[in-house]
Structure formats: C-alpha cells, structure tokens
Amino acid sequence: MGLHELYGKKWWFSDTLLLVVLVCSIVVLMSGKAMAAATCSGNPAADTFNFPPVISVPRDSTQVMALTGWVAGASATNWWSCNTSNDSNTGSAVFKPVSANSSYSDGGDTYTIWKTSKDGVGFVLKYNLYANGCGWAGWGKLVSSANAYAFNFCNSNGSVTNGGQVQIRLVQYGQITAGVLAGGELTRAVTYVDGNYGTQGGPKQFLASSVQFNVLMCQVDSVDLQLADSYVWDYASTTEVKKKPLQIQVKNCPSGMNVIRYELDPIGANIISSTNGTFSNQSGPGMAGGVGIRITDSTGINPVKFADPSYTLAGYSPTSGNSMLPINLNVAYYRTGTAAQVTPGQVVGLVQLTMLYL
C-alpha cells in the first residue's frame, strides 16, 4: 500500500481494491445478453371507410351526436412481417391525431373526438391490435393521453406478423356548415419495434370517403301587414288600438331536426319593453308621435318577448313532412306616453324573424 501526492493533497490507493473494481467492471460489461433485434417490412393497403355520401344536419345545432354508425375496416394479422431475435418486441400502434376537445359516449364507453378537415365534424375510433405470438389484444378506445400512440406488442424470436382492425364513426362536435368533407386520411397505424414507432415498414392509412353535408332549414316568406287607420282620440282611454292578426307561414321544413325555435326582434327602432312586446315608431318627417307598435301571441293577450329564442314552432314533426307551419301573432298600435302626446302621422315598424334549427 502506497501514499502519493495529487495537487498538494494526499490520497491512498490499494492495489487489491483497484483490482476488485476492474474485475467488477469486467463482470458488468460481460453480463448483458446480446441486444434484441428485429427487422420489419410491409406496405399495407389503406382502409377506406365508406360513410354515407350525403349527411344532413340541423343548421344551428352544436350538440355532440353521432352522424353515422360504426364502420369497420378489414381485419388482418399481417399488416407487417418481422424477423426477430433475442426476444425483440414488435407490434402495431395507432396514431392519435388532433383532439376536438370534446367527447362522445356510446354503449357506456366514452371516446375522445378527433378532428377532421371540416369544422364541427369529428370521428371516434376503436381498435383491436394483433401482435405476433400474443394474439389479439381486444377492443380498445382511442383516447387522449400523453402518449402519441395506442399500441400492442409482444416479444418473440423468428418470423412473426402484426396487424389489427379499426372501426370509425363520424360524430358532430360543433356547428356544421354546408359543404364537403373531402376524402382523405383520418389517422394511420405504424409498426412498433422495441419502443420505436413507424421506423420500419410503411404506414397503414385509414381514409374517409367524401361526404356532402347539407343543412336543414325551412322557407319563410316576408309578410306585409296593413293596420287600419286610427285617430288621435282613439288613444284617449287605452294604450292598444286597432289590433289585427298576423300570420307568418313557415314552409317546407324537412324532417330530421329535433326542434325548431324562433325569436322576434324590431329593426331600426327602440324597444320600449322587451317583455311587453312594444317598440317605437320609425323617426323622421311625417311620422306619428307618441305611438309605437305592440306584438302579442295568437291569443292577442300575451306579449311576445323580444330577443327570446325559446319560442317553439308548433306542429313540427321530426319524422314527416311539414309543408306549412304558421306562426300566429297579433299586431296593434301602442300609445307610448300620455294621450296628449299623440300626434298624427305614419306608423311604420319592421320586425325580423330569426329561426333556429336544432
């Protein structure tokens, strides 16, 4: 055993201890088994999911709902062929695309909705992956997580094959406008080899067929209503004068919607009371003063609330034709102040009807 100097400090070494360390290092280097190895090849044909060529949706709906049934791709155990040694791990993995930040529930299972190229249209996916000697893993759901892939693998030696099957369903996650979902890739599967994804063999693509989206809505014609002439003294003892029925015809409403709602809003006028259905006359030369307009429902008693989209179009059937569905209202002159403030002139009112198809 000797004593040496190093940068002014004393340190000891032991020939015996040094020999032991070297021997241990040799043991560590020699104790590992030969590295696992696998070579995979294949260029699997794409699966095209044939969805209905035309899908119609309510124009204003934003609810999460199924647009199609489940469509299954081909089941195959040989997307890729692999030659393995030393218990190499190989299998299949499904890529996770961009999430729509929403979810869809079906049969007690909750799925992440993945985006397509068309706003409001997404898809959910379930997979069953086959990994060489371990067989089918069973159906799983493609859901958001920290991992970019969902995968199944098995360790083996020799020649093996890996594959799987995918089912996809189109779902709505937001408002859909009329237009086309172009056919193209939704996602893909790749090889899994010892923790690496897609480095060997070509990808397995999952493609959507082209889908035309139509929006469901009705036809509404504009209506002109002429109230009878009134006189200044008509307003001496009442605020509502010359009431007259107004019927708006909503026509050719297609089936397939859950409900149709509507709201009424004055245009170019001041709302006197949004809950009492009253709004002011148009301003300008020749217009009457102290007089506005009031709108009530079919009974002529209950006022229509402006900017209230909760009114339901009565008589609409989600399952059959709806050729003519009337909205029955009543319109009257309305005294906005005292009787002494009423002055002669024209009374003009414009009201906008907004339909909501859900």
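Rules and cut-offs
- Residues numbered from 1 in each chain as written.
- Predicted model: local features only at pLDDT ≥ 70, side-chain atom pairs only at ≥ 80, totals over all residues.
- Heavy atoms only, no water.
- Phe/Tyr/Trp six-rings, centres within 6.5 Å; stacked < 30°, edge-to-face > 60°.
- Lys NZ or Arg CZ within 6 Å of the ring centre and 35° of its normal.
- Disulfide = S-S within 2.5 Å.
- Helix = DSSP H or I, 4+ residues; strand = E, 2+ residues; numbered from the N terminus.
- Buried < 20%, exposed > 50% of the residue type's maximum accessible area, 1.4 Å probe, protein only.

A. How the structure looks around the packing of aromatic side chains. Counted by the stated rule, this structure contains 15 aromatic pairs. Aromatic ring contacts, followed pair by pair, group Phe-95, Tyr-149, Phe-151, Phe-153, Tyr-192 and Tyr-197 into a single cluster. Over the face of the ring belonging to Trp-70 we find Lys-126, whose NZ or CZ atom lies 4.4 Å from the ring centre.

B. Structural view of the state of the cysteines. Taken as a whole and judged by the stated rule, the model has 3 disulfides. What pairs with Cys-40 in a disulfide is Cys-82, and their sulfur atoms sit 2.0 Å apart. Here the disulfide of Cys-40 and Cys-82 is right-handed, its torsion about the S-S bond being about 110°. In this pair, Cys-40 sits in strand E3 (residues 37-41) while Cys-82 sits in strand E8 (residues 76-95), placing the two residues 42 residues apart along the sequence. For Cys-40, a relative accessible area of 6% gives the class buried. Cys-218 shares a disulfide with Cys-253; S-S distance 2.0 Å. Here the S-S torsion is close to 120°, and the disulfide linking Cys-218 with Cys-253 is therefore right-handed. Highlighted residues: Cys-218 in the loop between strand E19 (211-216) and strand E20 (219-220) and Cys-253 in strand E21 (residues 240-253), separated in sequence by 35 residues. For Cys-253, a relative accessible area of 3% puts it in the buried group.

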